[in-house]
Amino acid sequence: MIVGVLALQGAFQAHIDKLTDLGADAREVKRPEHLDSVDALVMPGGESTTMSMLLESSELFDPIADRLDDGMPVFGTCAGLILLSTDIEDGRPDQRSFGRLDITVKRNGYGRQVESFETDIETTVTNEPVHAVFIRAPRIMRIGDDVDVLAEARGDAVLVRSGNALGAGFHPELSSSSEIHRLFLESLAS
Amino acid sequence: MNEQSTSTGTPLVKRGLAEMLKGGVIMDVVNPEQAKIAEDAGAVAVMALERVPADIRVDGGVARMSDPEMIEGIQEICTIPVMAKARIGHFVEAQILESLGVDYVDESEVLTPADETHHIDKWKFTVPFVCGATNLGEALRRISEGACMIRSKGEAGTGDVVQAVRHLRTINGDIKKLTQADSAELFEWAKQLQAPLPLVQEIAETGKLPVPLFCAGGLATPADAALAMQLGADAVFVGSGIFKSADPAPRARAIVEATTNYTDASILAKVSRGLGAPMTGIGMDELGDLKFEDRGW
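Everything numeric here is computed off the predicted structure, so don't read it as measured data. (Residues numbered from 1 in each chain as written. Chains lettered and ligands numbered in written order. Predicted model: local features only at pLDDT ≥ 70, side-chain atom pairs only at ≥ 80, totals over all residues. Heavy atoms only, no water.)

(A) Representation of the interface of chain A and chain B in the model. Taken together, the 40 residues of chain A in the interface contact 44 residues of chain B. Across the chain A to chain B interface the summed buried area is about 3,400 Å²; carbon plus sulfur atoms make up 55%. Across the chain A-chain B interface, the total number found is 4 salt bridges. Here D103 of chain B ties to R136 of chain A by a salt bridge, and the two come within 3.0 Å at their closest N and O atoms. The interface formed by chain A and chain B contains 20 residue pairs in polar contact (both at pLDDT 80 or more). Those elements giving two or more residues to the side of chain A that touches chain B turn out to be α3 (48-57), β7 (117-121) and β10 (148-153) of chain A. The residue makeup of the side of chain A that touches chain B, split by class, is 13 nonpolar, 12 polar and 15 charged. Note that β7 of chain A and strand β1 (residues 6-8) of chain B share 3 bridges and pair antiparallel. Paired with F117 of chain A across the two strands is T8 of chain B, which belongs to β1 of chain B. (Contact = heavy atoms within 4.5 Å. Buried area = accessible area lost by both parts, 1.4 Å probe. Salt bridge = Lys/Arg side-chain N within 4 Å of Asp/Glu carboxyl O. Polar contact = N/O pair within 3.5 Å; in protein donor to acceptor, adjacent residues only side chain to side chain. Helix = DSSP H or I, 4+ residues; strand = E, 2+ residues; numbered from the N terminus. Nonpolar A, V, L, I, M, F, W, Y, C, P; charged D, E, K, R; others polar. Pairing = 2+ DSSP bridges.)

(B) Region of the structure containing the pairing of β10 of chain A. Residues and elements named next belong to chain A. Sheet analysis places β10 next to strand β11 (residues 156-162), joined by 5 bridges and oriented antiparallel. By the bridge assignment for β11, A153 is matched with D156. Where β10 hands over to β11, the hairpin turn is made up of 2 residues, of which R154 adopts a positive phi near 50°.

(C) Representation of the sheet that holds strand β6 (residues 101-106) of chain A. Residues and elements named next belong to chain A. One open sheet holds the 3 strands; their spatial order is β5-β6-β9, and the pairing between them is mixed. A strand with exactly one partner marks an edge of an open sheet, and here the two such strands are β5 (85-89) and β9 (139-143). Adjacent strand axes in the sheet meet at a mean angle of 30° when their direction is disregarded. (Axes fitted to C-alpha atoms, helices over the stretch in contact; angles between N-to-C directions.)

(D) Examining the packing of aromatic side chains more closely. Enumeration according to the criterion identifies 8 aromatic pairs over all chains in this entry. Ring plane angle 70° and centroid distance 5.1 Å describe the contact between F125 of chain B and F129 of chain B, whose orientation is recorded as edge-to-face. For the pair shown, F125 of chain B and F129 of chain B are each scored as buried. Members of the aromatic cluster, each reached through a chain of ring pairs, are Y110, F117, F134 and F170 of chain A. Residue placement shows R96 of chain A over the ring face of F61 of chain A; its charged tip is 3.8 Å from the ring centre. Across from the ring centre of F117 of chain A, 4.2 Å away, lies the NZ or CZ of R154 of chain A, which sits over that ring. (Phe/Tyr/Trp six-rings, centres within 6.5 Å; stacked < 30°, edge-to-face > 60°. Buried < 20%, exposed > 50% of the residue type's maximum accessible area, 1.4 Å probe, protein only. Lys NZ or Arg CZ within 6 Å of the ring centre and 35° of its normal.)

(E) Spotlight on the packing of helix α8 (residues 183-193) of chain B against helix α9 (residues 197-206) of chain B. Residues and elements named next belong to chain B. Across the interface, α8 lies against α9 with an axial gap of 9 Å and an inter-helix angle of 120°. Viewed along their axes, α8 and α9 adopt a mutual orientation that is oblique. The interaxial crossing formed by α8 with α9 has right-handed handedness. Listed contacts from α9 to L186, F187, W189, A190 and L193 of α8 are L197, V200, Q201 and A204. Considering only residue class, the contact of α8 with α9 consists of 8 nonpolar, 1 polar and no charged. (Parallel < 35°, antiparallel > 145°, perpendicular 65-115°, else oblique. Left-handed = near helix turned anticlockwise from the far one by under 90°.)

Following this line, the structure appears as C-alpha cells:
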C-alpha cells in the first residue's frame, strides 16, 4: 500500500513524516506519473489558490479527478479539505475543486491568523479527544445529506467523511497525536 | 459535544502558518494592483510595503512601517495571507500591525532600525513574527525572542543572490557541524554562537531549526528560487525581483513554478524561457556602505 502526498506546496512533508512513522510507504506526488504507483492520496494544508493553479500547470488535476472517480481513497486537511469540497465561499472564481465532499466551506472562515487556534476535540471515531490545530482554517458552513460528521469544534463540523473521502478543517499533521492518520490508514486496510 | 477551551497565539499556532507557506513564494507588493497580480500568479502570501527594497536603497532616508490605509487596501483585495514589516525593535509598529490583523509581522532590517540593542519581545504578541538572520547564532537569538520563522537575509534590493547563498550555507553548515559535536562541545558552541544552550542542544539532536527557514534577499529569477530551495530553504521571499522586472506577472508565475519543481531542470528551463529582462540589480561588489544585512544584533 503506497500513500501519495500531494507535494505542490504546503505542509506535505509533515504528512509524509506522520505516515512514515505509522509504517506506511508515503511518497511525494508532484507530477502525473507519480500518481500511477499510489493507492491513496493525501492533500495537505497550504494555500488552496496556489495549489489550484499548480494542479493545472502540473497537469495533475484531471488524472487525480479520474482516480477519485475510480474510488481512490483521499484525505484532505485544511486547503486539502477545500480542494475536496463541492462549494467554496470566498474562493477565487477560477478556483477548481474535486467535489468529493458535498459541503460548503468558507475560506479563512474563522478569520485571520490572529484568530487561528488550537483545541481538543471529541470525535466519534477515536476513544480519546484529538488535539486539533486550526490555521486560517476553512469553516464548514453546510453539510450534504450523505456526509458523516466525525467531529465538531466551536459548533461546526471539522472532521467529515463521505464515500472514499475524509476531510479535516484542522491539521492533524502538526499535532503530536497520530490518531487521524491512523484512522485513514486503517480505512485503506479494510 | 462539550464546549471546548481554545487557545490563540500559541507557538504551535504561530509556527503552523509558516508550515503552510512551505514550498511557496512570498512576494513584496506596494499596492492592491500588485497584490492581485501576485495572488493570480500563485503567491502563498504577500508582503505589503510602501517601497520595495531596491527603491529604499535608491531613495535613502528613514524607512518605516507602511501606512495602515495602504496595508488595509491590500488586505481587502487578497485572500492569501498578508505580511507587513516593522522596524527592528519598534514594538509599537508591531502592535499597530497586529491590530490591523496582518497575518505575519516581519521585524525587518530593510527598514531603518528603531533600537540599536534590542529586538522586539515577540512572545508578547498573538501575531507571529519572521526575522532575518545571516548566521545560526542570529537565527537562534531571534527564535529565543519568539520568532516563528527565520529567513536568511541575503541582501535585499540588489537582485544579487550571492548573500542569500552565503547566509543559507552558513546557517545550514553550522547546523550540520552542531550535529557532529559532542555534548561538552555544545557549551562552547552556545558561547560562540551567543545563543541559548537549550536551543543549541535541541538542534544538535534534531539537525534542524525548530522553526521553518525561508530564504530572502536578492532572488530575481526562477533559477535563483530553485537554488535557494536546493540549498535547503523551506520557501522563498522575492522582493524587488518581481515588480522591478520588465514583465512582473509571467516572472512571478515562473518563480512559483520553479519553487515547486526546484529539482527538475527541464521544468526550470521551460519556465525560465521568454520572461523578459530581470531587475537590473546592483552587484554586491558595487554596493558601497548601505548593507541591510548588517542591521540586527
